[in-house]
Amino acid sequence: MKKLLFISLFCFSLPVFFAQNAVDLSSKESIENWINTHRFKASVEGDFDMYLEIEHLNIGDALVLSNDHGKRKIFGQLSYQLNQTAPSVVGIGLEESSLEVFISPEGNLMTSGMTFIPVKE
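Residues numbered from 1 in each chain as written. Predicted model: local features only at pLDDT ≥ 70, side-chain atom pairs only at ≥ 80, totals over all residues. Heavy atoms only, no water.

1. Looking at the overall build of the protein
The helix and strand inventory of the protein stands at two helices and eight strands. N-terminal to C-terminal, the α/β element order of the protein is α-α-β-β-β-β-β-β-β-β. Residue burial in the protein is summarised as follows: out of 121 residues, 34% are buried. In the protein, 33% of the contacts between residues at least 6 apart in sequence involve partners at least 24 apart. Put simply, the protein shows about 8,500 Å² of open surface, and 57% of that area lies on carbon and sulfur atoms. (Helix = DSSP H or I, 4+ residues; strand = E, 2+ residues; numbered from the N terminus. Buried < 20%, exposed > 50% of the residue type's maximum accessible area, 1.4 Å probe, protein only. Contact = heavy atoms within 4.5 Å. Areas by Shrake-Rupley, 256 points an atom, 1.4 Å probe, with all protein chains shown as cover.)

2. Some points on the pattern of salt bridges
Following the criterion strictly, the structure yields four salt bridges and no others. Note that glutamate 53 and arginine 39 form a salt bridge whose closest N and O atoms lie 3.5 Å from each other. Note that glutamate 53 is positioned in strand β2 (residues 49-57) and arginine 39 in strand β1 (residues 39-43), a separation of 14 residues in sequence. Take glutamate 53: its relative accessible area is 18%, and that puts it in the buried class. A residue is classified by how much of its surface remains accessible, and arginine 39, at 26% relative accessible area, is partly exposed. Among the ionic pairs, lysine 41 bridges to aspartate 49, the shortest N-O distance being 3.3 Å. Look at lysine 41 and you get partly exposed, because its relative accessible area is 30%. Aspartate 49 sits in the buried class, given a relative accessible area of 18%. (Salt bridge = Lys/Arg side-chain N within 4 Å of Asp/Glu carboxyl O.)

3. Some details on the environment of tyrosine 80
Its place among the elements puts tyrosine 80 in strand β4 (residues 72-81). Counting along the chain gives eleven residues from tyrosine 80 to glycine 91, while the straight-line C-alpha distance between them is 9.1 Å. Not counting residues up to four positions away in its chain, the partners in contact with tyrosine 80 are Lys28, Ile31, Glu32, Ile54, Ser88 and Val89.

4. With respect to unusual backbone geometry
The phi torsion at glutamine 77 lies on the positive side, around 50 degrees, for a residue other than glycine. In this structure, glutamine 77 sits in strand β4. Residue glutamine 77 is classed as exposed on the basis of its relative accessible area of 66%.

5. Points about the environment of arginine 39
For the pair formed by arginine 39 and isoleucine 117, sequence separation is 78 residues and the distance between their alpha carbons is 8.3 Å. Of note is the side chain of arginine 39, whose polar atom sits 3.5 Å from the side chain of glutamate 53. (Polar contact = N/O pair within 3.5 Å; in protein donor to acceptor, adjacent residues only side chain to side chain.)

6. A closer look at the side chain of serine 88
Residue position: serine 88 is located in strand β5 (residues 88-92). Here the side chain of serine 88 touches glutamate 100 through a polar contact of 3.3 Å, side chain to side chain. Sequence-distant contacts of serine 88, defined by excluding residues within four places in its chain, comprise Ser79, Tyr80, Gln81, Glu100, Val101 and Phe102.

Here you go:
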C-alpha cells in the first residue's frame, strides 16, 4: 500500500518538476525587460542557428534577426501589442518589411514558422 501511495504521489508531482513557469507579460515594461535580458535562438533543421534579440542602436531599439554567418536584418520603430492571448512586438524594416514576434506564456518568441527559445548565457 505504501508503495502504491508513493508511486501515485510521484506520478502526480511530475508535471510540477517539468513544467515551465509562465513569464510575466502583463505590461510593455515586462515584455521589454524579458526580451532585453535574453538572447533567443532557433535552430533550422539541416541549416544553421538563427538569433533574435533587441539591440540599442543609434536609431533606437531594434529587433535584430541574425545568423551564424553574420547576416543581420534590423527592424526598428518597435511597437508593443498587449492582448490576452499572445502579446507581440512589431518592428519595421527596410523596404516596408515588418517582423511581428509573438511571445508565448513560457517566454519563447514565435515568428511565422520559427520558435526562438531563450539562451542562457
